[in-house]
Amino acid sequence: MSSKDWILLAGMLVACGCRATHPSYCAMEFCTPSPTRPARAAPGDYACQQITDCKVCDEPSANGALEPTPDHSIRVAPVSVALHEDSGSVQPVVTVAAMEPEEIGYLRLREVIESVYASFPALEAARSEAEIAAGKETSALGEFDFKVKAESMSAPMGYYKNYRNQLKLEQGLFPGGNVFGQYRSGDGNFPVWYGERETNEGGEFKLGLISPLLRDRAIDQRRSDLFQATLRRQQVDPMVQSQLLEYTYFAADAYWSWVAAGLSLDAQEELLRVTVERNRVYEERVREGDLAQIELIQNERLIASREAKVIEARRKLQQSAIKLSLFLRDSAGNPVLVPESARRSAFPEIQLPSTEQLASDIAEALDIRPELRELDFQQEQAKVDLAYGQNLRLPALNVVMEASKDVGAAASSKGDKTPFELEAGLLFDVPLQRRKADGKIREAEGKLNQIAAKRRFTENKVTIQVQDAMSALVNAHERLGRAQENHRGILAMVVGMAFFLANDTLVKLAGADLPTGQLICLRGLMACTLLLLMCA
């Protein structure tokens, strides 16, 4: 294997090591429900913490231009996926721009990550869940809408001719129950068994209240549905963050694969160029009779082999560019195929991670990973189901109060409709078997046990991922060190062979007319001199 082949191998090892060091590069905003507010907080009620410690990109300069930094660091513009209400609509906020095809000259990881944030279709589909969840929450709030009910009944023919009209305003109360106000009028002849339908000529005004005392006091079906819808809306945020982590990881992997493929193509083209230049020298030496024909044939065979490797490397570069186009998109959301002429970033310096920080890294990952926060919201939903099931086990005991007053001329000589009327009472209802409540409680407890098991597994998975990433970084650093040592050894060997050839050529030129003893002394002297120069 030639020295160029060894150098290429070392370069590929460097590429493999660098690709393993940065699984994801993004600054994003993690939003959680405020701990000072209940889970049923109003839309947009978030306490947000921002994570901006990212590497491998480019820092904008003072004039706004992007310039590479010595440590290849970046601060990706954070994208908020929290929900904000604007004129009654709930919309995710995106603050990055997409890449245009004509802008590709020096492609950085920053542009790829921003393109994922701005126009990646799968991420847009995930963000649409916010609209779906917000719509369900608004629908659940509809159970507390102010209601207007009206009716008009006429009986113009028959023995009892009468006319009745009614208007009722009703409002559901969040603590449970309803309050209503009503106006009605009844005019005409009514049978004695429907005497309550008749009112004075001015009609009747009524106020009423129905309030639960046991069942549906702490929670009822309306509030349960609303709490569930609010938790599902809040759960969208960690779900989108999980998608962001996954897609930015894939985008970064595709980017560095494209960079490695480009460097591999450059190395193969350089090897081919050296071989072609060497072939011209061989042809001249063969014509002069200084070199055997077989050497020229072997070099031509090597040219054909390296031409095939260049074609293979170019195919890998095109393949990686096609894969990268899945994440790099223009403003219309269409994939952008990176041209072969696009400039590529150099691999960043690899720093050996500190294994002493492994425990703190694991704790930090468990604290900010969105999968665990998503399970937290699922746990809260199961707790709401459990609370509603326990509520159904209680007997229904409701207090009812109504106050009414007729106005206007009396409808009859008795004047029985004119006095102010007040009614109050209790309504009691209890299912003896309570199977519906027991079934809901059992279902909710099963969900809580299931989520607890999922959480333990997720925590184990996150811990293993951090440990595996640390192991990969350490081993990549070791492989890179070995490759660099091998590179230095190859260079030393090449220099030594060059000195040997130079020594042999000089001895032949200078010692053509010298005796054998002097020739041996001259060869040894020149060899020592070249060795000292090489060591220096």
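Residues numbered from 1 in each chain as written. Predicted model: local features only at pLDDT ≥ 70, side-chain atom pairs only at ≥ 80, totals over all residues. Heavy atoms only, no water.

**What to know about the side chain of N299**
Definition in use: A helix here means a DSSP run of H or I that spans at least four residues, while a strand means a run of E at least two residues long, and both kinds are numbered starting from the N terminus. A 1.4 Å probe rolled over the protein chains alone gives each residue an accessible area, and that area as a share of the maximum for its type sets the label: buried under 20%, exposed over 50%, partly exposed in between. In this analysis, two residues are considered to be in contact whenever any of their non-hydrogen atoms come within 4.5 Å of each other.
Here N299 lies in helix 5 (residues 293–325). For N299, a relative accessible area of 3% gives the class buried. For N299, the contacting residues outside a window of four places in its chain are T275, R278, N279 and Y282.

**Points about the environment of E198**
For E198, the location among the structural elements is in the loop between strand 9 (178–188) and strand 10 (204–212). Sequence separation between E198 and G188 is 10 residues; the distance between their C-alpha atoms is 7.7 Å. Among residues more than four places away in sequence, those in contact with E198 are R184, G186, G188, F190, A411 and K417.

**What about the confidence of the model for the protein?**
Selection criterion: What pLDDT reports is the predictor's confidence in each residue, on a scale of 0 through 100.
Overall, the predicted model of the protein reaches an average pLDDT of 78, with 74% of residues at or above 70. Across residues 1–99, confidence stays below pLDDT 50; counting only partners more than four residues off in sequence or on other chains, it has 229 contacts.

**Regarding the side chain of E111**
In plain terms, the rule: Counting of polar contacts relies on pairs of N or O atoms within 3.5 Å, with two restrictions inside protein: one atom must be capable of donating a hydrogen and the other of accepting it, and residues adjacent in sequence are counted only when both atoms are side-chain atoms.
Relative to the elements of secondary structure, E111 occurs in helix 2 (residues 109–119). Here the side chain of E111 touches R108 through a polar contact of 3.2 Å, landing on its backbone nitrogen.

**Notes on unusual backbone geometry**
The phi angle at D216 is positive, at roughly 70 degrees, despite the residue not being glycine. Along the chain, D216 falls in the loop between strand 10 and helix 4 (221–288). Taking relative accessible area as the criterion, D216 reaches 27% and is therefore assigned partly exposed. A positive phi angle, close to 60 degrees, is found at R434, a residue other than glycine. Structurally, the position occupied by R434 is in the loop between strand 12 (421–429) and helix 8 (435–510). You can call R434 partly exposed: its relative accessible area is 25%.

**Details of the environment of S242**
Relative to the elements of secondary structure, S242 occurs in helix 4. The sequence separation of S242 and R369 amounts to 127 residues, and the corresponding C-alpha distance is 7.9 Å. Sequence-distant contacts of S242, defined by excluding residues within four places in its chain, comprise P370, E371 and E374.

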